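# Structural characterization, general
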Amino acid sequence: MPAPPSVALPLFLFLVGASAVAQPSTPPGEAADAPRLIELSAKAPKEVPEVPIQSGRLTTFLLGTPLKLAGVELEAREGFSRVTGLEDALLLMPSNSFTVGRRLKLRLRFVEGTVPASADLVLVVSPTQARYQVEVNLQPGTPYASWQEAEAERIKLRQVQAELERERQKPDGLTGLLVNGQVDKTGLTTRRLHEGVDFTQLPGQPLTVREAMSYRARGVVALTLEVDNVSSRPWMAAGAALVGEGGERLKVLRVWPTEPLLPGAKWQRVVVEAEVTEAQARGRFTLSLWQEGEPPSVSLDGVSFP
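Definitions and cut-offs
Residues numbered from 1 in each chain as written. Predicted model: local features only at pLDDT ≥ 70, side-chain atom pairs only at ≥ 80, totals over all residues. Heavy atoms only, no water. Helix = DSSP H or I, 4+ residues; strand = E, 2+ residues; numbered from the N terminus. Contact = heavy atoms within 4.5 Å. Areas by Shrake-Rupley, 256 points an atom, 1.4 Å probe, with all protein chains shown as cover. Salt bridge = Lys/Arg side-chain N within 4 Å of Asp/Glu carboxyl O. Buried < 20%, exposed > 50% of the residue type's maximum accessible area, 1.4 Å probe, protein only. Polar contact = N/O pair within 3.5 Å; in protein donor to acceptor, adjacent residues only side chain to side chain. Pairing = 2+ DSSP bridges. Phe/Tyr/Trp six-rings, centres within 6.5 Å; stacked < 30°, edge-to-face > 60°. pLDDT = per-residue confidence, 0-100. Axes fitted to C-alpha atoms, helices over the stretch in contact; angles between N-to-C directions.

Moving on, we get to the overall build of the protein chain. A tally of regular secondary structure across the protein chain gives two helices and 19 strands. For the protein chain, the proportion of contacts with a sequence separation of at least 24, taken over those separated by at least 6, is 66%. About 17500 Å² of surface is accessible on the protein chain, with carbon and sulfur atoms providing 53% of the total.

Shown next, in the form of structure tokens:
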């Protein structure tokens, strides 16, 4: 069931009594009240609205879209011969056990996310005809699309939370590699990369690569770089790319660390992990690293995997 709007919007209760048009034949001794308007806002009203009721007479509360009834709190509920709560309506019929003038508290509770969350009313037992239809609607002109967008965001948030929970429950470390099938009987293969032989780096870049190792397991490859930050400011990787000789890009899964490397920091480790197929792992790649909002500032050509 979709949740209603979470923005604070006033509600309107329209109390429509039996009129000469709606009730052509009013029984003798019973008076038909003129229609009344009761307005409810997000804040509690100074005076609780009153709704006349009569023994043996049905009072119907109708909820307009997108309001949904979650529950009813009714004083002396046992004294009613009928209390029927539906998704968008409430039907009340008091028995003859109530004396005229008796005041009974009624609270309509709406589904989670509604503002206000409930509407309080006072039912007053009347000696006269009180066959009412009470319509509960959002204020006219309320942008219903806003509620739909908010509901879509709530669904998306729940999906993200569920995905995070699934990820949290997955094992990590070597157990994770084994459970996920990334390490099989061939194990984890490694290769030491030598500058000038296995890769080249342009001079003048903020990070100087001292050592490099490449790794391959089933479905993934990784590079570890031991670097010095030779620039005058902190450097933090925001993204990476591994591009093959034919221009094919591997899907980078993560870049570590997520903290900046301080100026002058030596022998700091940077790890890049990417998804790969057996065929994609062959050949040489260009590794690019960049900071947030900047073009690539570190690049290695000729990178290969075992």
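Text resumes after the structure shown.
What follows is about the pattern of salt bridges. Tallied over the full model, the rule gives 10 salt bridges. Between Arg-254 and Glu-273 there is a salt bridge, and its shortest N-O distance comes to 2.5 Å. Taken together, the positions of Arg-254 in strand E16 (residues 251-256) and Glu-273 in strand E17 (residues 268-275) put the pair 19 residues apart, joining distant regions of the chain. On the basis of relative accessibility, which here comes to 48%, the residue Arg-254 falls in the partly exposed class.

To continue, consider the side chain of Gln-291. With respect to the helices and strands, the residue Gln-291 is situated in the loop between strand E18 (284-290) and strand E19 (298-304). A polar contact of 2.9 Å, which involves the side chain of Gln-291, links it to the backbone nitrogen of Met-236. Ignoring any residue separated from it by four or fewer positions in sequence, one finds Gln-291 in contact with Arg-233, Pro-234, Trp-235, Met-236 and Ala-238.

Here strand E15 (residues 239-244) lies mainly inside the structure; five of its six residues are buried. Where E15 meets E18, six bridges bridge the pair, whose relative direction is antiparallel. Paired with Leu-242 across the strands is Leu-287, a residue of E18.

On to the side chain of Asn-229, then. Relative to the assigned elements, Asn-229 resides in strand E14 (residues 220-229). Given a relative accessible area of 2%, Asn-229 falls into the buried group. In terms of polar contacts, Asn-229 uses its side chain to reach the backbone carbonyl oxygen of Arg-233, at 3.2 Å. Reaching out from Asn-229, the side chain makes a polar contact with the backbone oxygen of Leu-262 at a distance of 3.2 Å.

One ladder, built from six bridges, connects E18 with E19; its direction is antiparallel. Paired with Arg-284 across the strands is Ser-304, a residue of E19.

With that out of the way, let us pick up the packing of aromatic side chains. For the structure on display, the rule yields two aromatic pairs. Between Phe-285 and Phe-305 the ring centres are 5.6 Å apart and the planes differ by 65 degrees, which places this aromatic pair in the edge-to-face class. Of this pair, Phe-285 sits in strand E18 while Phe-305 sits in the segment after E19; the two residues are 20 residues apart in sequence, bridging distant segments of the chain. Looking at Phe-285, the relative accessible area reads 4%, which means it is buried. In this structure Phe-305 comes out as buried when scored by relative accessible area, which is 4%.

Low-confidence regions, as indicated by low pLDDT, have predicted coordinates that should not be scrutinised in detail. Overall, the prediction assigns the protein chain a mean pLDDT of 78, with 71% of residues at 70 or greater. Ranking the elements of the protein chain by mean pLDDT puts strand E1 (residues 11-16) last with 44 and strand E6 (residues 80-85) first with 94. Note on residues 141-145: pLDDT under 50 across the span, and three contacts to partners over four residues away in sequence or across chains.

Residue Pro-257 is reached from Trp-256 by a cis peptide bond, and omega for that bond is 5 degrees. On the secondary structure map, Pro-257 appears in the loop between E16 and E17. Its identity is not glycine, yet Ala-76 carries a phi of approximately 50 degrees, on the positive side. Among the structural elements, Ala-76 can be located in the loop between strand E5 (69-74) and E6. Take Ala-76: its relative accessible area is 15%, and that puts it in the buried class. With phi around 55 degrees, Trp-267 is a residue other than glycine that occupies positive phi space.

This next bit is on the sheet that holds strand E13 (residues 207-217). Read from one edge to the other, the open sheet built from five strands follows the order E11-E13-E14-E17-E16, with strand pairing classed as antiparallel. Either end of the sheet is taken by a strand with one partner, and the two such strands are strand E11 (189-193) and E16. For this sheet, the mean inter-axis angle between neighbouring strands, taken without regard to orientation, is 20 degrees. One ladder, built from five bridges, connects E16 with E17; its direction is antiparallel. Residue pairing in the sheet places Arg-254 in a bridge with Glu-273 of E17.

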